Amino acid sequence: MALWGGRFATGPDESVAKLSRSVHFDWRLAPYDVRVNIAHVAGLKRAGILNESDAASITHALKELGEEITTGVFTYNDTDEDVHSAIERGLSAKLGPLGGAFRAGRSRNDLVVADFKLYLIDHLLQISQEVAELIVVINTKAKSEIETLAPGFTHLQHAQPILFGHELAKHSHALLRDLDRLKDWQTRNSISPIGAGALAGSALVPNPEITAAELAFGGVARNSIDVVSDRDFVAEALFDLAMIGVHLSRIGEEFTIWNTQEFSWVTLDDAFSTGSSIMPQKKNPDIAELARGKAGRFIGNLTAMMTTLKGLAFAYNRDLQEDKEPIFDSIEQLLVLLPAVRGMIATATFNRDRIGSQVSTGHALATEIADFLVLGGTPFAAAHEISGKAVALAQTLGVDVHELSDEQLLQVHPGLTSDLRAKLSARAAVESRVSISGTSTKSVSAQLAGLEEKIRTYSSFIEGEQKRFSGMMSA
Ligand code: ARG
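Source: prediction; values computed, not measured.

Caption draft 1: Here's a closer look at the nonpolar core. Ranked by size, the top nonpolar core spans 109 residues in total, and within it Leu248, Phe255 and Ile327 carry the most contacts. The element contributing the most residues to this core is helix α6 (residues 108-144), with 19 residues. Filtering out sequence-adjacent residues up to four positions away, Ile327 remains in contact with Phe116, Leu120, Val234, Ala237, Leu238 and Leu241. In this structure, Ile369, Ala390, Leu404 and Leu416 belong to the second largest nonpolar core, which totals 18 residues.

Following this line, the structure appears as structure tokens:
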């Protein structure tokens, strides 16, 4: 069904109908469209545009239609242009001419923004919940690896010893920022467009604040031209999702490396690995690789939206219909990816002996020598130089720097006394790093406790918002 046509002598050419059609993807907005229409009908009743009994009939029919959409009894057909036209067709089938009465005082331009925002609030809460559950799994693993010593890397070269729990928990911190961004997205973008009409505002709905509150929005837009043309909320959400994708890609890369024969740091569960069609012995980390690979797609979706918006004239232009498929894709892909990554991590076994076996190799304790000298009063630059000399000596002898004897260390510099020996172990190096973000057991325990506290706060926020949202949808 078309929502326009009075001034046209013919209907659109088949190629035009095909191009302009969005119902096959924007049908995802159907439940939200029904809910927004119910709130709008209440507004029209308050404004005296619809009488009590017409408003009640339309509301009843919309609720019925909503159920038919949920159960699949009602869906779009070949003649529907978009979700809004499909729903009006469904309503008109039930109510006759009254089915078109609820459209007064608004346009698809404000309607589509309202629907889309509700869809995003709903789905970003689902994503947030998935991210929160992933963080809980990572924290649990980090806790069980709090005693495991591991080489820490820079440039993929051994740098300094760390706790493996510290290594794992870094991902929780990154993902917590993602949760924070999603929460922040909601605070900023939970603004109702209803009352904006096509672009100029509405003469027929005097109290859009009430409609906004009924739809659980945090407020009403103050510029009708801006709010029907604004897709910052889509671009922002796409960035937030792309960032989650990038974080997952870094986890993916790490697990892929740790899973190589050369590393053998991690054993993946059979249920979270895949085989090869030709090489019977293969067990591949495909989940990790897909986590790495899908990031490209998430970034592409963000780029698509930004490019559509660049230089776009105000107010609504049909270009804006291109706003939906990229983010539907990012959301749906993440909702598939996040549980798989969570399962891969939850079921992974870390090979502690192997991880710890090379913790001090590659002269990873050289910084301890410099720090020892600094604590004895040597300026750091000189201490760095002396430690470097010790490394050079160790290298010519074919050992690691911590394997030099007390005599050899004294030969390098008289300040390298036998007191240094106690510092020249991976454990001592780790436990000395007591700064708030550091890798000592004490620091990491406090960090993990902090993470747990934060995740509890986010989880109860998400749960509260989900309840509020589903309450609004079923009202
Ligand atoms: N399907 C359209 C979209 O997603 C709805 C808005 C149509 N508005 C219009 N003025 N043609 O953008």
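Caption draft 2: Main features of the side chain of Asp400. Considering the arrangement of structural elements, one finds Asp400 in the loop between α15 (380-397) and α16 (406-412). Buried within the structure, Asp400 lacks any salt-bridge partner; Arg421 is the closest side chain of opposite charge, at an N-O distance of 12 Å. Dropping the residues within four chain positions of it, Asp400 is found in contact with Ser360, Thr361, Gly362, His363 and Ala394.

Caption draft 3: Quick look at helix α3 (residues 30-46). Helix length check: α3, at 17 residues, gives a terminal C-alpha distance of 25 Å against a target of 24 Å (1.5 Å per residue), a fit within 8%. Of all 17 residues in α3, 13 are buried, a share of seventy percent or more. Positive phi shows up at Gly48, right after α3, with a value of about 80°.

Caption draft 4: Fine view of the site of the ligand. Around the ligand lies a shell formed by Ser22, Asp26, Asp82, His84, Arg108, Asn109, Val112, Tyr316, Gln321 and Lys324. Within the side chain of Asn109, one N or O atom sits 2.9 Å away from a nitrogen atom of the ligand. With respect to the ligand, the side chain of Gln321 contributes an N or O atom lying 2.9 Å from a nitrogen atom. Taking 340 Å² as the accessible area of the ligand by itself, protein coverage stands at 86%. Ranked by the residues each element gives to the shell around the ligand, the list is headed by α6, at 3 residues. Within the shell around the ligand, the residues separate by chemical class into 2 nonpolar, 4 polar and 4 charged.

Caption draft 5: Summary view of the pattern of salt bridges. On inspection of all chains with the given rule, the structure shows 31 salt bridges. Across the pair Glu236 and Arg188 runs a salt bridge, and its minimum N-O distance is 2.7 Å. With a gap of 48 residues between them, Glu236 in helix α10 (residues 232-258) and Arg188 in helix α7 (residues 164-189) connect regions that are remote in the sequence. Through salt bridges with shared partners, one network takes in Glu81, Asp82, Arg108 and Arg318.

Caption draft 6: Representation of helix α5 (residues 83-95) within the structure. A rise of 1.5 Å per residue sets the reference length of α5, with its 13 residues, at 18 Å; its end C-alpha atoms lie 18 Å apart and thus fit the reference within 8%. Structurally, α5 contributes buried residues whose contacts are with α2 (23-26), α3, α4 (52-71) and α6. Just downstream of α5 lies Gly96, where phi reads positive at about 70°.

Caption draft 7: The arrangement of unusual backbone geometry in detail. Omega for the peptide link from Phe314 to Ala315 comes to -5°, which places this bond in the cis form. By the element assignment, Ala315 lies in the loop between α11 (286-309) and α12 (324-347). Positioned with a positive phi, His155 is a non-glycine residue whose angle comes to about 55°. Within the secondary structure, His155 sits in the loop between β1 (149-154) and β2 (157-163). In this structure, Ser264 takes a positive phi of about 50° despite not being glycine. Within the fold, Ser264 resides in the loop between α10 and β5 (266-267).

Scoring rules and cut-offs
- Residues numbered from 1 in each chain as written.
- Predicted model: local features only at pLDDT ≥ 70, side-chain atom pairs only at ≥ 80, totals over all residues.
- Heavy atoms only, no water.
- Core = buried A, V, L, I, M, F, W, Y, C linked by side-chain atoms within 4.5 Å.
- Buried < 20%, exposed > 50% of the residue type's maximum accessible area, 1.4 Å probe, protein only.
- Helix = DSSP H or I, 4+ residues; strand = E, 2+ residues; numbered from the N terminus.
- Contact = heavy atoms within 4.5 Å.
- Lys, Arg positive; Asp, Glu negative; His and termini not counted.
- Salt bridge = Lys/Arg side-chain N within 4 Å of Asp/Glu carboxyl O.
- Expected span 1.5 Å × (residues − 1).
- Near = heavy atom within 4 Å.
- Polar contact = N/O pair within 3.5 Å; in protein donor to acceptor, adjacent residues only side chain to side chain.
- Areas by Shrake-Rupley, 256 points an atom, 1.4 Å probe, with all protein chains shown as cover.
- Nonpolar A, V, L, I, M, F, W, Y, C, P; charged D, E, K, R; others polar.

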